[in-house]
Amino acid sequence: MTPGVTRVKVSELIEKAGFGAVTLPDAEREIKGAYAGDLLSWVMGRAKADDAWITIMSNINVVAVASLADVACVVLAEDVELDAEIKKTALEKGINIISSGKPIYETALEIGRYL
Amino acid sequence: MSDALNFHFDVDGENFTSAGHASVKVKKILRELGLDPETIRKVSIAMYEGEINMVIHAGGGEADVSVDDKGVTIVLKDSGPGIADIEKAMEEGFSTAQENIRSLGFGAGMGLPNMKRYSDEMNIESEVGKGTTITMKVYF
Ligand SMILES: Nc1ncnc2c1ncn2[C@@H]1O[C@H](COP(=O)(O)OP(=O)(O)O)[C@@H](O)[C@H]1O
Ligand SMILES: [Mg+2]
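What counts and what doesn't
Residues numbered from 1 in each chain as written. Chains lettered and ligands numbered in written order. Predicted model: local features only at pLDDT ≥ 70, side-chain atom pairs only at ≥ 80, totals over all residues. Heavy atoms only, no water. Helix = DSSP H or I, 4+ residues; strand = E, 2+ residues; numbered from the N terminus. Rg over C-alpha atoms; globule rule 2.2 N^0.38 Å. Buried < 20%, exposed > 50% of the residue type's maximum accessible area, 1.4 Å probe, protein only. Contact = heavy atoms within 4.5 Å. pLDDT = per-residue confidence, 0-100. Buried area = accessible area lost by both parts, 1.4 Å probe. Salt bridge = Lys/Arg side-chain N within 4 Å of Asp/Glu carboxyl O. Polar contact = N/O pair within 3.5 Å; in protein donor to acceptor, adjacent residues only side chain to side chain. Phe/Tyr/Trp six-rings, centres within 6.5 Å; stacked < 30°, edge-to-face > 60°. Pairing = 2+ DSSP bridges. Axes fitted to C-alpha atoms, helices over the stretch in contact; angles between N-to-C directions.

### Comments concerning the overall build of chain A
Link 1 in the chain: When helices and strands are tallied, chain A shows five helices and seven strands.
Link 2 in the chain: When its helices and strands are written in sequence order, chain A yields β-α-β-β-β-α-β-α-β-α-β-α.
Link 3 in the chain: A compact globule built from 115 residues should have a C-alpha radius of gyration of about 13 Å, and chain A, at 13 Å, falls within 12% of that.
Link 4 in the chain: Reported as C-alpha extents along the three principal axes, the dimensions of chain A are approximately 40 × 30 × 25 Å.
Link 5 in the chain: Sorting the 115 residues of chain A into buried and exposed places 51% on the buried side.
Link 6 in the chain: A fraction of 49% describes how many contacts in chain A between residues 6 or more apart in sequence connect residues 24 or more apart.

This is the structure we're talking about:
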């Protein structure tokens, strides 16, 4: 495998890293990078398409930002929970959301192992 | 595409949970039109930031989007308080947003800079006490 061109699917990341599945309407989507942050405009300005976006934000706007910024998945750190209504919207919009029990830094390190 | 396709949206200034609906709809339309993902992403983010600003800062407004053979034009018009110092408002980090807005993840003062970053052309017309009209173009 050539370093730097590794791709991991959202479903594979869950399995390898021991993350939880919250919503997985597009589990085969490939992750090409990662971005961590909670301020939505920073995410839209800095995250790239197909990134895994690590955050502790859990309001409905996270779904809109994930969709518009075209990230591969949202990774909720610290086992942050989502309302049922937000999960429903995420499924409708085709947004993958997964959860990690670890803080943002450790979650990012874990994801970094597979990219 | 010889004739432009036009779409109009009313942006509700009361409802925070539905903020962004117009942008989400436009993204869907552009996908159905088969535009390339990078163009869609630029239009989506630029419009969303502008739409959120109309909700947070101006009590809502109207959005008009047109698509022709050259690109996508977004016009966001509100009758809010206007922007007194546009140059200042364009600075990264400048924000007049209140704490309740910040707790939602908005109000980082990066909205207008993002609109500039993701559009190929951007024009702001604003008069204090009258309102603001922002026009953005993203070319194919
Ligand atoms: N449509 C608008 N009407 C009135 N003021 C606005 C409008 N859009 C932006 N502003 C002003 O410009 C500032 C900077 O906007 P922006 O960069 O999007 O940051 P933020 O929305 O996070 O405050 C806002 O805090 C606000 O004072
Ligand atoms: Mg803003």
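### Brief notes about the confidence of the model for chain B
Link 1 in the chain: A residue-level look at chain B finds 99% of positions with pLDDT of 70 or above and a mean pLDDT of 95.
Link 2 in the chain: Two numbers describe this predicted complex: its pTM, 0.94, and its ipTM, 0.91.

### Section: the interface of chain B and chain A
Link 1 in the chain: Counting from both sides, the interface comprises 22 residues of chain B and, opposite them, 22 residues of chain A.
Link 2 in the chain: By the criterion of area lost to chain A, the three top residues of chain B are Val24, Arg41 and Tyr48 of chain B, representing 28% of everything that side buries.
Link 3 in the chain: Inspection of the chain B/chain A interface yields zero salt bridges.
Link 4 in the chain: Counting the contacts that link chain B with chain A gives nine residue pairs in polar contact (both at pLDDT 80 or more).
Link 5 in the chain: Considering every element that reaches the side of chain B that touches chain A, the biggest residue donor is helix H2 (residues 37–58) of chain B, with five residues.

### Observations regarding the packing of aromatic side chains
Working definition: an aromatic ring pair is given by the centre-to-centre distance plus the angle between the planes.
All names here are of chain B.
Link 1 in the chain: One pass over the structure, following the stated rule, counts one aromatic pair over all chains.
Link 2 in the chain: Ring plane angle 50° and centroid distance 6.5 Å describe the contact between tyrosine 48 and phenylalanine 106, whose orientation is recorded as tilted. In this pair, tyrosine 48 is assigned in helix H2 and phenylalanine 106 in the loop between helix H4 (99–102) and helix H5 (111–118), connecting sequence segments 58 residues apart.
Link 3 in the chain: Taking relative accessible area as the criterion, phenylalanine 106 reaches 2% and is therefore assigned buried.

### Quick look at the sheet that holds strand E4 (residues 33–36) of chain A
Residue and element names in this part refer to chain A.
Link 1 in the chain: Taken in spatial order, the five strands of this open sheet run E2-E7-E6-E5-E4, and their pairing is mixed. A strand with exactly one partner marks an edge of an open sheet, and here the two such strands are strand E2 (20–23) and E4. The mean inter-strand angle of the sheet, taken between neighbouring strand axes irrespective of direction, is 25°.
Link 2 in the chain: Where strand E6 (residues 73–76) lies against strand E7 (residues 97–99), three bridges are found, and the strand directions are parallel. Counterpart to valine 74 in the pairing with E7 is isoleucine 97.
Link 3 in the chain: Most of the contacts of helix H5 (residues 104–112) go to strand E5 (residues 51–55), to which it runs at about 160°, and overall it touches E4, E5 and E6.

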